[in-house]
Amino acid sequence: MRRSLGVIAAYPCLHWLTPAQAMRVLVTGATGRLGRVAVPRLRDEGFTLRAMSRGPRTGDGVEWVTADLATGAGLAEAVAGVDAVLHLASSPQRRTHDIDVLGTRRLAVAAGHAGVRHLVFVSIVGVDRVPLGYYRHKLAAEQVVAAGPVPWSVLRATQFPEFLEGLLSGASRLGPVIGDRAVLAQPVDPGEVADRLAVLLLAGPSNRVEDFGGPEVLRYDEAARAWLAARRVRRPLLPVRIPGRLGRELRAGGLTTTATPTGARTWADHLADTYGGTAGR
Ligand SMILES: NC(=O)c1ccc[n+]([C@@H]2O[C@H](COP(=O)([O-])OP(=O)(O)OC[C@H]3O[C@@H](n4cnc5c(N)ncnc54)[C@H](OP(=O)(O)O)[C@@H]3O)[C@@H](O)[C@H]2O)c1
């Protein structure tokens, strides 16, 4: 018998749930930012994992399968014999409709044929509010999951700190950190998102569940200053107001949630872990 589940210890009211040891789970997007932390966490909780990638892989103490959401190749084999699918794969930059919307449909249909009992999908806070092309596709993918043949759960999470860092790096390529200082963000630790997903897997199909965000809402300029300080870099901020509805939604908190509980790890925690020092902790 493995040790008792860490996530269940944190949620004592959930002790009646299906034991992780009995559950076989396919993780799509297992090589991504979230997948890389979710796979070892779920494995250590006792889930029997099959991890999916487009390329051949080994390691992490789990079974790997090769499949492509864009073509459907390998999906039938990937879902065969699993109890649940944790769908993390996504392609924000290219062929998003093909992979996120149609690929999610291919996955849901294959899972339905295989008799999978639960499809857990990760989405993003604000997909129904913030007018971005990628978000439109994520919302459509949520609808595909909800209309599909497999009982489902959808969790919307806020941005991962690494994503915010990517934005800040891109915005400072020319020197100053360019951006709309009043945009609000609520970074959430992907490890904590993975723990929420473990609880959802154990709870069974729950449809749309409470959103999950980080512990604090930050303005873009606050996040940028803390990031510069953690990296010991001196750069000015160059304010540029994002126009139109996009700017209005981003400044009004379209990417944030008031849902509780939230994660505990802050932006300062992330910066301290990444760059050393205490970074305002
Ligand atoms: N990043 C954020 O801040 C954030 C916030 C909230 C929610 N989310 C959501 O969380 C999920 C994971 O995000 P992430 O940042 O971890 O993603 P990511 O790092 O961009 O990883 C994307 C994953 O999708 C897989 N993938 C891409 N195209 C594929 C295809 N055609 N067939 C099969 N797999 C394919 C990739 O696997 P291979 O390359 O190995 O094939 C990779 O593992 C996404 O649904 C995202 O929308 C992200």
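Residues numbered from 1 in each chain as written. Predicted model: local features only at pLDDT ≥ 70, side-chain atom pairs only at ≥ 80, totals over all residues. Heavy atoms only, no water.

**Student:** How should the site of the ligand be read in this particular structure?
**Tutor:** Around the ligand, a shell composed of 27 residues is seen, among which Thr 31, Leu 34, Ser 53, Tyr 134 and Lys 138 lie nearest. Between the ligand and Arg 33 there is a distance of 2.9 Å, counted from an oxygen atom to a backbone nitrogen or oxygen. Leu 88 places a polar main-chain atom, nitrogen or oxygen, 3.5 Å from an oxygen atom of the ligand. Of all the secondary-structure elements, those providing two or more residues to the shell around the ligand are α2 (33–45), β2 (48–53), β5 (118–124) and α5 (133–147). The element best represented in the shell around the ligand is β5, accounting for 3 residues. Looking at the shell around the ligand, its residues break down into 15 nonpolar, 8 polar and 4 charged. (Near = heavy atom within 4 Å. Polar contact = N/O pair within 3.5 Å; in protein donor to acceptor, adjacent residues only side chain to side chain. Helix = DSSP H or I, 4+ residues; strand = E, 2+ residues; numbered from the N terminus. Nonpolar A, V, L, I, M, F, W, Y, C, P; charged D, E, K, R; others polar.)

**Student:** Just checking my understanding: could you explain the environment of Val 177 for this structure?
**Tutor:** Checked against the element boundaries, Val 177 lands in strand β7 (residues 177–179). With relative accessibility at 1%, the residue Val 177 sits in the buried group. Sequence separation between Val 177 and Ala 70 is 107 residues; the distance between their C-alpha atoms is 36 Å. In this view, Val 177 contacts Leu 168, Ala 171, Ser 172, Tyr 220, Ala 224, Trp 227, Leu 228, Arg 235, Pro 236, Leu 237 and Leu 238; residues no more than four positions away in its chain are not counted. (Buried < 20%, exposed > 50% of the residue type's maximum accessible area, 1.4 Å probe, protein only. Contact = heavy atoms within 4.5 Å.)

**Student:** Can you walk me through helix α7 (residues 190–203) in this structure?
**Tutor:** The terminal C-alpha atoms of α7 lie 20 Å apart, and with 14 residues this matches the ideal 20 Å at 1.5 Å per residue to within 8%. Those residues of α7 that sit buried are Pro 190, Gly 191, Glu 192, Val 193, Ala 194, Arg 196, Leu 197, Ala 198, Val 199, Leu 200, Leu 201 and Leu 202. The opening residue of α7 is Asp 189, an N-cap whose side-chain oxygen sits 3.1 Å from the backbone nitrogen of Gly 191. (Expected span 1.5 Å × (residues − 1).)

**Student:** Please explain the packing of helix α8 (residues 220–230) against helix α10 (residues 267–275) as it appears in this structure.
**Tutor:** Describing two packed helices takes the angle between their axes plus the distance from one axis to the other. The interhelical angle for the contact between α8 and α10, taken along N-to-C directions, is 20°, at an axis separation of 10 Å. By the angle class used here, α8 and α10 are roughly parallel. As for how α8 packs across α10, the hand of that crossing is right-handed. Of the residues in α10, those in contact with Ala 223, Ala 226, Trp 227 and Ala 230 of α8 are Trp 267, Leu 271 and Tyr 275. (Axes fitted to C-alpha atoms, helices over the stretch in contact; angles between N-to-C directions. Parallel < 35°, antiparallel > 145°, perpendicular 65-115°, else oblique. Left-handed = near helix turned anticlockwise from the far one by under 90°.)

All quantities given are derived from atomic positions and should not be read as evidence of function.
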